[in-house]
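Below are the chains, spelled out letter by letter.
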Amino acid sequence: MSAADKVVRPEIREMHAYPVADATGLVKLDVMESPYGLPQALADEVGRLVAGLSLNRYPVPTATRLRALIRRVMQVPAGCDVLLGNGSDECIQYVTATVAREGAVVMAPSPSFAVFSMQAFFYRLRFVGVPLREDFTLDAQLFLDAVRTEKPALVWIAFPNNPTGNAFPVADIERIVRATPGLVVIDEAYQPFAGATFMPRLAEFENLVVMRTVSKIGMAGLRLGYVAGRPEWIDAFNKARSPFNVNVVTEAVAIRLLENKAVLDALAAKVLAERERMRPELERLPGLKVYPTAANFFLVRVAGGKGAGTKVFDGLKAQGVLVKDFSGGLPALENCLRLTVGTPDENRILLTALREAL
Ligand SMILES: *Cc1c(COP(=O)(O)O)cnc(C)c1O
């Protein structure tokens, strides 16, 4: 037994790290990034901005200017505050840490975003994944029953959901918020593609906060996420925050880019238009079930027995296209692939490769 084996938690020894595929040389349609880089003029400006930063200094952890800008451009309601994270992944950690009393339950629909259950696991909380129906719609009654039985301290609802792509009905989410004794976090990572948000409704519910990220609108590499909510929640999360979690480069560049939010919105609109153009093309492919989406990706299921999905995944990869393969994970996602919407060229390549692989 190695020294590490003696002290590393056995369940951590057995798990594997969050998998991120190597995309070298491939059309990268696996993790819902924006396919668009910055316009050259803005990129040059960012270069000059970074050159002028005092990298020898720690960030000022209150990040007053960036937080004020987010409140304004993201229309955070008056009276609500904002917590910043090194990606919303990190916000998930802080929220979980804040409610991690002994015996507390964390709940989310299943399948949903893997980091919700991962953080519950790290903080030794019991995670209850409430199954979606076979078509990935929300069984609201089943979820409400689970809320009543388990009395969760924390409920995560990704709206729209990842990896299924659909946005659950607003009325069902309202019922869940009302029934939950603990905190409900609406994860709006895909809000720019969804046309729906709980942000303006924060004042209505004492136990609701909204989490967002800039990752899916062209800034995945910056690592910036945020949670908006009543000060009593944000103050509590802030105590669990690593003191200098948002670095000076991220802070300065995010300010510059969010001041130019119209540029980002225009790129998101292009992705949205491409999604609508792709939908009928995907639906026309034989042997593929295309699920409804309100995000910048499609979840599809390959017809056939065990291994059919992975075969298509491998076929796409052989043709230079990287998507996400869910086979071998949750049984509900067997033979499912997740296809990020890319540029018109990338999507053409994907559709051609799919026809070939199927
Ligand atoms: C991508 C994603 C995130 C993570 O975003 P980061 O800000 O890049 O950490 C959070 N929630 C959902 C549902 C996502 O799909």
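Just above sits the structure.
Our subject in this report is the structure included herewith. Here the structure is a predicted model, which is why all the values come from computation and not from measurement. (Residues numbered from 1 in each chain as written. Predicted model: local features only at pLDDT ≥ 70, side-chain atom pairs only at ≥ 80, totals over all residues. Heavy atoms only, no water.)

Some words on the packing of aromatic side chains
Here the distance between the centres and the angle between the planes together describe a pair of aromatic rings. One pass over the structure, following the stated rule, counts 8 aromatic pairs. Three or more aromatic residues joined by ring pairs form one cluster here, namely Phe113, Phe116 and Trp156. The positively charged end of Arg9 is found above the aromatic ring belonging to Phe121, 5.3 Å away from the centroid. Above the ring of Phe326, the side-chain terminus of Lys324 is found at 5.5 Å from the ring centroid. (Phe/Tyr/Trp six-rings, centres within 6.5 Å; stacked < 30°, edge-to-face > 60°. Lys NZ or Arg CZ within 6 Å of the ring centre and 35° of its normal.)

Section: the site of the ligand
The local shell around the ligand consists of Gly87, Ser88, Asp89, Phe113, Asn162, Asp187, Ala189, Tyr190, Thr213, Ser215, Lys216 and Arg223. Within the side chain of Asp187, an N or O atom sits 2.5 Å from a nitrogen atom of the ligand. Burial of the ligand by the protein chains amounts to 93% of its free accessible area of 380 Å². Of the residues assigned to the shell around the ligand, the class counts are 3 nonpolar, 5 polar and 4 charged. (Near = heavy atom within 4 Å. Polar contact = N/O pair within 3.5 Å; in protein donor to acceptor, adjacent residues only side chain to side chain. Areas by Shrake-Rupley, 256 points an atom, 1.4 Å probe, with all protein chains shown as cover. Nonpolar A, V, L, I, M, F, W, Y, C, P; charged D, E, K, R; others polar.)

Describing the sheet that holds strand S12 (residues 324–325)
The 4 strands lie next to each other as S9-S10-S13-S12, forming an open sheet whose pairing is antiparallel. The sheet is open, and its two borders are formed by strand S9 (288–290) and S12, each paired with just one other strand. (Pairing = 2+ DSSP bridges. Helix = DSSP H or I, 4+ residues; strand = E, 2+ residues; numbered from the N terminus.)

Overview of the pattern of salt bridges
Under the counting rule described, the total for this entry stands at 24 salt bridges. When the shortest N-O distance is used, the salt bridge between Arg126 and Glu150 registers 2.7 Å. Of this pair, Arg126 sits in strand S4 (residues 126–131) while Glu150 sits in helix H7 (residues 140–150), placing them 24 residues apart in sequence. Residue classification places Glu150 among the partly exposed residues on the basis of a relative accessible area of 23%. (Salt bridge = Lys/Arg side-chain N within 4 Å of Asp/Glu carboxyl O. Buried < 20%, exposed > 50% of the residue type's maximum accessible area, 1.4 Å probe, protein only.)

Concerning the pairing of S4
Where strand S3 (residues 105–110) meets S4, 6 bridges bridge the pair, whose relative direction is parallel. Along S4, the bridge assignment pairs Pro109 with Val130.

Some words on the side chain of Arg67
By secondary structure assignment, the location of Arg67 is in helix H4 (residues 64–73). A polar atom in the side chain of Arg67 sits 2.9 Å from the backbone oxygen of Val82. Setting aside anything within four residues of it in sequence, one finds Arg67 in contact with Thr62, Asp81, Val82 and Leu84. (Contact = heavy atoms within 4.5 Å.)

Considering the sheet that holds strand S8 (residues 225–229)
In space, the 7 strands of this open sheet follow the order S2-S8-S7-S6-S5-S3-S4, with mixed pairing throughout. The sheet is open, and its two edges are formed by strand S2 (81–85) and S4, each paired on a single side. Averaged over all neighbouring strand pairs, the angle between strand axes comes to 25°, with direction disregarded. In the sheet, strand S6 (residues 183–187) pairs with strand S7 (residues 208–213) via 4 bridges, with the strands oriented parallel. When the bridges of S7 are listed, Val185 appears paired with Val209. Strands in contact with helix H6 (residues 114–122) are S3, S4, strand S5 (154–158) and S6; relative to S4, the strand with the most contacts, it is inclined by about 155°. (Axes fitted to C-alpha atoms, helices over the stretch in contact; angles between N-to-C directions.)

A few points about H4
When we look at burial in H4, the residues that qualify are Leu66, Arg67, Leu69, Ile70 and Val73. An end-on view of H4 places all buried positions within 160° of arc, on one side of the element. Exposed residues on H4 whose side chains face more than 90 degrees from its buried face are Thr64, Arg65 and Arg72. Among the structural elements, S2, S8, helix H11 (248–259) and helix H12 (261–283) are those in contact with the buried residues of H4. (Arc of directions from axis to C-beta.)

Any functional reading would require information that these geometric values do not contain.
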